Amino acid sequence: MYAQFFGNYLLSKRAVSPEQLIKAIEEQHTKHTKIGTLAVHMNFMDATQVNCILIRQTHENKRFGELAIEAGFLTKEQVDTLLHQQVPIYLQIGQGLVENGALTDKELDTLIASYQEENELSQLETASEQQENLQSLIQNLLLISVTNIPNFLLQYLTLLFNDLIRFIGEDFTPLNPMLCSEYVAEHCSAQIINGEYSMTSYLDLEEETAITFASRYVRENFHEYDEYVQASIEDFLNLHNGLFNVNISNEKSIELELEPPVSLENTYISSATKMILMPIIYPFGTLNFFFKI
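I will try to describe carefully the structure that is included in this document. (Residues numbered from 1 in each chain as written. Predicted model: local features only at pLDDT ≥ 70, side-chain atom pairs only at ≥ 80, totals over all residues. Heavy atoms only, no water.)

At Ser-253, a position not held by glycine, the phi torsion is positive, near 55°. For Ser-253, a relative accessible area of 64% gives the class exposed. With phi around 45°, Asn-266 is a residue other than glycine that occupies positive phi space. Locating Asn-266 in the fold gives a position in strand β5 (residues 262-282). (Buried < 20%, exposed > 50% of the residue type's maximum accessible area, 1.4 Å probe, protein only. Helix = DSSP H or I, 4+ residues; strand = E, 2+ residues; numbered from the N terminus.)

Structure, rendered in structure tokens:
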């Protein structure tokens, strides 16, 4: 399931505010998902049972799993499974929202179930079905502010989300896109695609966000913003756009030209036509992607 879109689903349902969601995402990487949250997610326990154990923990110095076994809510085998479970991103975000008081455990469980049902995520079996569903999620996301979405932009963004997962990490959530005619970029890389599908793509980041983004991309630790960080961001944009051009050539026999990426530092960008701005939140900061079509 594409957990990255769960946060945006919460916004669309007005279950949480953008500020609550961003706070939960930012706190996500500093916390461990609690075993009770996992137990509800895996249908080992319900929210009432979890609350019962949490109350017991306030006056008994024992671990959650130990108390749950004593209460007959979990078996030792189930506790071992929970301790070794790989935690989905959406569950980590959900736990943060519960801890911050934005949602209850019961509300979170209901929202996860409705998200899966509405998007038919539990029925996906093949990789091609997953990609089709991802494109549908992106289209629904864009329709919040954009009409007459060109199909090539859906292909472009589908690849972008896949490349973010592949090269940067899956722990992100897209916020609602918006239209703008001007933008002030801080540390921005831009690249032009020419041809039948002409567009200019931009990636803008704050300094600390840029350092961590580059570190994840090249699998090295950068500690300050310098030409190596800048070059790494340009390389990501160039790699992604190059893969898009190759895909278009292979699928549609359309040849597109790719100009070299350029760096725009503290630059005012304007457009006679509306640009599409798509913020993507990672725990380390916000990636501002925007496009001129």
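Past the structure itself, the notes keep going.
Here helix α11 (residues 207-218) contains 12 residues, and its C-alpha end-to-end distance of 17 Å stays within 8% of the 16 Å for a straight helix at 1.5 Å per residue. Turning to α11, its buried residues number three or more, namely Thr-209, Ala-210, Ile-211, Phe-213, Ala-214, Ser-215 and Tyr-217. Buried residues along α11 sit in contact with α10 (151-167), β3 (199-205), α12 (227-252) and β6 (285-292). (Expected span 1.5 Å × (residues − 1). Contact = heavy atoms within 4.5 Å.)

Before going further, it helps to examine the environment of Leu-137. Take Leu-137: it is sitting in helix α9 (residues 127-142). Given a relative accessible area of 8%, Leu-137 falls into the buried group. Taking the C-alpha atoms as reference points, Leu-137 and Thr-158, 21 residues apart in sequence, are found 9.4 Å from one another.

Moving on, we come to the packing of aromatic side chains. Scanning the entire structure with this criterion turns up 15 aromatic pairs. Where Phe-6 meets Tyr-115, the ring centres are 5.4 Å apart and the plane angle is 65°; that geometry is what we call edge-to-face. Pair noted here: Phe-6 is in helix α1 (residues 6-12) and Tyr-115 is in helix α8 (residues 105-118), with a separation of 109 residues, a long-range link. Here the two residues Phe-6 and Tyr-115 agree in accessibility, since each one is buried. Ring geometry for Phe-213 and Phe-236: centres 5.3 Å apart, planes at 90°, overall edge-to-face. Separated by 23 residues along the polypeptide, Phe-213 in helix α11 and Phe-236 in helix α12 bring together distant segments of the chain. Just as Phe-213 is buried, Phe-236 falls in that class too. Among the aromatic residues, ring-to-ring pairing joins Phe-5, Phe-161, Phe-172, Tyr-282 and Phe-284 into one connected group. (Phe/Tyr/Trp six-rings, centres within 6.5 Å; stacked < 30°, edge-to-face > 60°.)

Turning our eyes to something else, we now look at the nonpolar core. Counting residues in each nonpolar core, the largest one holds 82 residues, and the members touching the most others are Leu-157, Leu-164, Phe-236 and Leu-287. For this core, the element with the highest residue contribution is α10, accounting for 10 residues. Apart from residues lying up to four places away in sequence, Leu-164 is in contact with Gly-169, Phe-172, Phe-213, Phe-236, Ile-280, Tyr-282, Leu-287 and Phe-289. One finds Cys-180, Ala-185, Ala-190 and Phe-290 within the second-largest nonpolar core, a separate group that totals 10 residues. (Core = buried A, V, L, I, M, F, W, Y, C linked by side-chain atoms within 4.5 Å.)

Attention now moves to the state of the cysteines. Joining two cysteines, a disulfide is a covalent bond between their sulfur atoms. This structure, assessed with the given rule, holds 0 disulfides. The closest cysteine sulfur to the non-disulfide-bonded Cys-180 is located on Cys-188, 11 Å from its own sulfur. Overall, the relative accessible area of 12% leaves Cys-180 in the buried class. (Disulfide = S-S within 2.5 Å.)

One way to put it is that α10 packs onto α12 with a least axis distance of 10 Å and a crossing angle of 130°. Compared by their axis directions, α10 and α12 come out oblique. Read as a crossing pair, α10 and α12 show a hand that is right-handed. Across the interface between the two elements, Phe-152, Gln-155, Tyr-156, Leu-159, Leu-160, Asp-163, Leu-164 and Phe-167 of α10 pack against Phe-236, Leu-237, Leu-239, His-240, Asn-241, Leu-243, Phe-244, Asn-247, Ile-248, Glu-251 and Lys-252 of α12. Each residue belonging to the contact of α10 with α12 can be placed in one class, and the counts come to 12 nonpolar, 4 polar and 3 charged. (Axes fitted to C-alpha atoms, helices over the stretch in contact; angles between N-to-C directions. Parallel < 35°, antiparallel > 145°, perpendicular 65-115°, else oblique. Left-handed = near helix turned anticlockwise from the far one by under 90°. Nonpolar A, V, L, I, M, F, W, Y, C, P; charged D, E, K, R; others polar.)

Turning next to the pattern of salt bridges. Counted under the stated rule, the structure contains 3 salt bridges. With a closest N to O distance of 3.2 Å, Lys-76 and Asp-80 form a salt bridge. Within this pair, Lys-76 and its partner Asp-80 are both found in helix α6 (residues 76-83), separated by 4 residues, close to a single helical turn. Look at Lys-76 and you get exposed, because its relative accessible area is 52%. You can call Asp-80 partly exposed: its relative accessible area is 32%. Between Arg-216 and Asp-171 there is a salt bridge, with the nearest N and O atoms lying 2.9 Å from each other. On the criterion of sequence distance, the pair formed by Arg-216 in helix α11 and Asp-171 in the loop between α10 and β1 (173-174) is long-range, its members being 45 residues apart. A residue is classified by how much of its surface remains accessible, and Asp-171, at 11% relative accessible area, is buried. (Salt bridge = Lys/Arg side-chain N within 4 Å of Asp/Glu carboxyl O.)

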